[in-house]
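The lines below spell out each chain.
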Amino acid sequence: MAEKEVKILPLTGERMGEIPGRCPYCLYWEDPQNFDPTCGDPKAMERKKEILTRLIEEIDSCGVLAYEEGQAVGFAQFCPPSFAPQIWSYAAGPVDPDALFLCCLYIPDPDFRRRGTGKAMLKEVITMARKKGWKAIETFARKKSANNPSGPLGFYLKNGFHIVRDDGSFPLLRLDLS
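Predicted, not measured: the structure shown is a model, and the values here were computed from it.

## Comments concerning helix α1 (residues 42–59)
For α1, with 18 residues, the first-to-last C-alpha span of 26 Å sits near the 26 Å given by 1.5 Å per residue. Turning to α1, its buried residues number three or more, namely Ala-44, Lys-48, Ile-51, Leu-52, Leu-55 and Ile-56. Here the buried residues of α1 occupy an arc of 135 degrees about the axis, which is enough to place them on one side. For α1, the exposed residues lying more than 90 degrees away from the buried face are Pro-42, Lys-43, Glu-57 and Glu-58. Buried residues along α1 sit in contact with β3 (71–79). The backbone nitrogen of Lys-43 has a side-chain oxygen 2.9 Å away, supplied by the residue at the start of α1, namely Asp-41.

## Some details on the pairing of strand β2 (residues 63–68)
Most of β2 is tucked away: six of the six residues are buried. Both faces of β2 are covered, namely the face carrying Gly-63, Leu-65 and Tyr-67 and the face carrying Val-64, Ala-66 and Glu-68. Of the strand pairs in this sheet, strand β1 (residues 6–10) and β2 are connected by five bridges, and their pairing is antiparallel. Counterpart to Ile-8 in the pairing with β2 is Ala-66. In terms of strand pairing, β2 meets β3 through six bridges, oriented antiparallel.

Calculation criteria
Residues numbered from 1 in each chain as written. Predicted model: local features only at pLDDT ≥ 70, side-chain atom pairs only at ≥ 80, totals over all residues. Heavy atoms only, no water. Helix = DSSP H or I, 4+ residues; strand = E, 2+ residues; numbered from the N terminus. Expected span 1.5 Å × (residues − 1). Buried < 20%, exposed > 50% of the residue type's maximum accessible area, 1.4 Å probe, protein only. Arc of directions from axis to C-beta. Contact = heavy atoms within 4.5 Å. Polar contact = N/O pair within 3.5 Å; in protein donor to acceptor, adjacent residues only side chain to side chain. Pairing = 2+ DSSP bridges.

Shown next as structure tokens:
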């Protein structure tokens, strides 16, 4: 399938309603006590908006959206590690405080994957992190399934990340920005 033009835009308050899939309902990283695995609770969506609004106010931006033909098809979210308490539950963690934590980089619809969209989102996240003075980006990647909001291990390794601490399921990866 031919690649289509992808437009990457920063997440803003006005664009929160365009976050694709179940991502607007997911509180996995930010509020694990209120995380609903089905990611469908309308209360969770309101809580997610509160958290993202706070992040945007405090660090200017906390994510990007990928668009194809005017439709949001991908979402990447990032934050300082202190905003993601779930990182402490990972055996390969925690994330280094000098690193921006990439919570997710996800394209919910498989028909939009493997077309360069994830790489374009990651490139923009890297650019944003450098502008804000972060020393690195760290994330947990899934070893066994590409169908996960954290993204597949191979994707990150192909894009310059290295394994900091290994784990059977979710190793901690790092991309140094210096």
